[in-house]
Amino acid sequence: MTGDHPQLVGHRGYMARYPENSWSGMRAAIDAGALWLECDIQMMNPGEFIVLHDRDLARTAADPRPIFGLSGEQRQAISIHEPGRLGNRFQGEPLLRLEELLSRLRTFPKVRIMVEIKEESLQQWGLEAVMSPLLSILQPYRNQAVLISFSLQALQYAASRAELELGWVLESYTPNSLTQARDLAPTFLIIDHAEIPQGTVPEPGPWRWMLYDITDPEQALAWYRRCVELIETGVIGPLTRAFREGLGAQGTPGT
C-alpha cells in the first residue's frame, strides 16, 4: 500500500450524478480525477457486448425489453438516460458497445477499468459462448482492463486461456470462499463492505482488496487502515475531492 488514502474506483462511472455505465458518466469520473473505473457488460448477441448492468432496459431506458437478441439498429435507438432517476437531463445517452468504451479509454492511458461480465449473460448464452469472444476483445486492452465477475467458473476459464488481471466478486466472506480464492489467485478480491465482520482485517493473500459501495471518506479511510487498497464508490467526485483536499474525516460528502 502506498499513499495516505485508498485508490478510488468510479462505480459504473459517476453514477450519483450521471446515467450509470454511460460514456458521459465515465468521462465525468475521469474529469473528477478517477484513475479506476468499473462497468458492467452483457452479451447482447453472439460476440457483441454492451455496457449494461441489467438483463433488460426497464430501469435505465424505461423500456421493458430484454437486451438479448436486440439488433444493432434497435440498440442505436436506445437512450439509457435513466428517466426514472434523472428525468430527461441526459436524453439521448447511447448504449455503449464494450469495444467503444475500451477504445475511448485508450485516450486516457493512466485510467484502468474493471469490466464485470454479468451472470445473466452466462446463463443466457453459456460459458464458452460468452467467454471466448470476450477474452478476444479484452486481450488487446490487458494493460488497462481487468476482468471481474461473481462467476468463479468464468474467471477460471479466463485464467487458463488469457493473460488478463482478474477480480473475483465474492457473494460472502466465508472460509470456503477464501479457500477458493487462494486456488484462483486473482489480482483483486471484491466484496460488499457490509459482508466483512466488524473489526475484521480482510484476509491477506496474493490479491488486493476492493470494497463497495462506500460514500463516506472517513469510512473509506478506516478500511484503508485495515489493508483495503481500493474503494468503489458512486460518488467518485466528492470522495476524490475530499482526499485531494485532506478532508477525509469531515463526514459523508454530497453527490
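This is a predicted model, so every value here is computed, not measured. (Residues numbered from 1 in each chain as written. Predicted model: local features only at pLDDT ≥ 70, side-chain atom pairs only at ≥ 80, totals over all residues. Heavy atoms only, no water.)

**A short note on the packing of aromatic side chains**
The test is simple: Here the aromatic set is Phe, Tyr and Trp, taking the six-membered ring for Trp, and pairing holds for ring centres within 6.5 Å; pairs whose planes are under 30 degrees apart are stacked, those over 60 apart are edge-to-face, and all others are tilted. A run of H or I in DSSP becomes a helix once it reaches four residues, and a run of E becomes a strand once it reaches two; helices and strands are each numbered from the N terminus. Here's how the labels work: a residue is buried when its accessible area is under 20% of the maximum for its type, exposed when over 50%, partly exposed in between, all with a 1.4 Å probe on protein chains only.
Tallied over the entire structure, the rule returns 7 aromatic pairs. Pairing Trp23 with Phe108 gives two aromatic rings, centres 6.5 Å apart and planes at 40°, and the pair type is tilted. Taken together, the residues span a long stretch of sequence, with Trp23 in helix H1 (residues 23–31) and Phe108 in the loop between helix H5 (98–105) and strand E6 (112–117) at a distance of 85 residues. Given the relative accessible area of 16%, Trp23 is considered buried. Measuring from ring centre to ring centre gives 6.4 Å for Trp207 and Trp209, while their planes differ by 80°; the resulting arrangement is edge-to-face.

**Examining the pattern of salt bridges**
Should their charged atoms come close, side chains of opposite charge can pair. Here is the rule we go by: Should a side-chain nitrogen of Lys or Arg be within 4 Å of a carboxyl oxygen of Asp or Glu, the pair is scored as a salt bridge.
Using the criterion set out here, one finds 15 salt bridges in the structure. Ionic pairing is found between Asp40 and Lys118, a salt bridge with its closest N-O pair at 3.8 Å. Of the two residues, Asp40 is situated in strand E2 (residues 36–45) and Lys118 in the loop between E6 and helix H6 (119–125); the sequence distance between them amounts to 78 residues. Judged by relative accessible area, Asp40 falls into the buried class, the value being 1%.

**Looking at the nonpolar core**
Stated formally: What is meant by a nonpolar core is a set of buried Ala, Val, Leu, Ile, Met, Phe, Trp, Tyr and Cys residues, joined one to another through side-chain atoms within 4.5 Å. Between two residues, a contact is recorded if the distance between any of their heavy atoms is within 4.5 Å.
Counting 64 residues, the largest nonpolar core has Met131, Leu147 and Trp209 as the members making the most contacts within it. Filtering out sequence-adjacent residues up to four positions away, Met131 remains in contact with Ile117, Leu122, Leu147, Ala154, Tyr157 and Ala158.

Geometric descriptors of this kind do not, in isolation, establish any biological role.
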